[in-house]
Amino acid sequence: MIRLMSLLVLMALPIAAPAQVYRCKTDTGTSFSDQPCGENSETVTIRDNRIGGSFGDNLPEASAPTETDEEERQSARQESEGTCRFINSTDLRTYLTRNQVVKGMTKDHVLRAFGRPPETYPTPQETWVYHTKYYGALYELTYVYFKDGCVERVDYRKP
């Protein structure tokens, strides 16, 4: 019986409503409070983040696409065709730590992996040449070929 009574009491309590949050900017910085903290306090709107509902909840209203939106998408597509292939951050960090250069890296990545090249050739295809010395003697030449600012291939040759 006590359980039933406690259950009824709990059901009668109102569901906790989200509390109002205020942002206050002071000389010491920004603070947040559940009560207005001065004349310059701003109300902060907190979106409902409960699990459930549909995927469309809490999304802003979609606006109709305009001509400028379509032009921006077109230019983004053209720019993305000229960009280097995606290398995820973990793999990229591994390559750079191991001083490796792979297809799809940018010039900045090559500089971070190998440093400044002692020889560069701009034509017919941009090529950077690195020298690997072993006991002071030239051991290997590394040719890095670029196309549109991205590594197209890497060749290792004995002198």
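Description of the structure in this document. (Residues numbered from 1 in each chain as written. Predicted model: local features only at pLDDT ≥ 70, side-chain atom pairs only at ≥ 80, totals over all residues. Heavy atoms only, no water.)

1. Looking at the overall build of the protein chain
Rule in force here: Secondary structure elements follow DSSP: runs of H or I of four or more residues count as helices, runs of E of two or more count as strands, with numbering from the N terminus. Two residues form a contact once any of their heavy atoms are found within 4.5 Å. Only the protein chains shown count as covering a residue, and every accessible area follows the Shrake-Rupley method with a 1.4 Å probe.
Of the regular secondary structure elements, the protein chain holds four helices and seven strands. Across the protein chain, the fraction of contacts at a sequence separation of at least 24, relative to all contacts at a separation of at least 6, is 17%. Summing over all exposed atoms, the protein chain offers an accessible surface of approximately 13,200 Å²; the carbon and sulfur share of this is 54%.

2. A look at the pairing of strand E5 (residues 127-134)
Applied cut-off: A pair of strands counts as paired when DSSP detects no fewer than two bridges linking them.
Bridging between strand E4 (residues 119-121) and E5 involves three bridges; their strand directions are antiparallel. Residue pairing for E5: Glu119 is matched across the bridge by Val129. Connecting E4 to the next strand, E5, in antiparallel fashion are five residues. Taken together, the eight bridges between E5 and strand E6 (residues 137-147) define a ladder with antiparallel strand orientation. Looking across to E6, one finds that Val129 is bridged to Tyr143. Where E5 folds back onto E6 in an antiparallel hairpin, the turn is made up of two residues, including Tyr135, whose phi is positive at roughly 55°.

3. Structural notes on the state of the cysteines
Disulfides are covalent bonds that link the sulfur atoms of two cysteine residues. Rule in force here: When two cysteine sulfur atoms are found within 2.5 Å, that pair is recorded as a disulfide. Exposure categories follow from relative accessible area, calculated using a 1.4 Å probe and restricted to protein chains: below 20% of the type maximum is buried, above 50% is exposed, and the middle band is partly exposed.
Summed over the entire model, instances satisfying the criterion amount to two disulfides. Bridging Cys84 to Cys150, the disulfide has an S-S length of 1.8 Å. Handedness here is read from the sign of the S-S torsion; for Cys84 and Cys150, about -95°, the answer is left-handed. Of the two residues, Cys84 is situated in the loop between helix H2 (67-81) and helix H3 (89-97) and Cys150 in strand E7 (residues 150-157); the sequence distance between them amounts to 66 residues. What makes Cys84 partly exposed here is its relative accessible area of 22%. For Cys150, a relative accessible area of 9% gives the class buried. If one numbers only the bonded cysteines of the protein chain, in the order they occur, the disulfide pattern is 1-2, 3-4.

4. A short note on the sheet that holds strand E1 (residues 21-26)
Filter applied, for reference: Angles shown run from 0 to 180 degrees and are taken between the N-to-C directions of axes, each axis being a line fitted to C-alpha atoms and, for helices, limited to the stretch in contact.
The sheet built from three strands is open, its strands ordered E2-E1-E3 with antiparallel pairing. Two strands in the sheet have a free side with no partner beyond their single neighbour: strand E2 (29-33) and strand E3 (42-44). Across this sheet, the average inter-strand angle for adjacent strands is 35°, counted without regard to direction. Here E1 runs beside E2; their pairing, made up of five bridges, is antiparallel. If you follow Cys24 over to E2, its bridge partner there is Ser31.

5. Regarding the nonpolar core
Put simply, the rule reads: Put simply, buried Ala, Val, Leu, Ile, Met, Phe, Trp, Tyr and Cys residues joined by side-chain atoms within 4.5 Å make one nonpolar core.
With 14 residues, the main nonpolar core has Val101, Met105, Val110, Trp128, Val144, Phe146 and Val151 as its most contacted residues. Breaking this core down by element, the ones donating at least two residues are H3, helix H4 (107-114), E5, E6 and E7.

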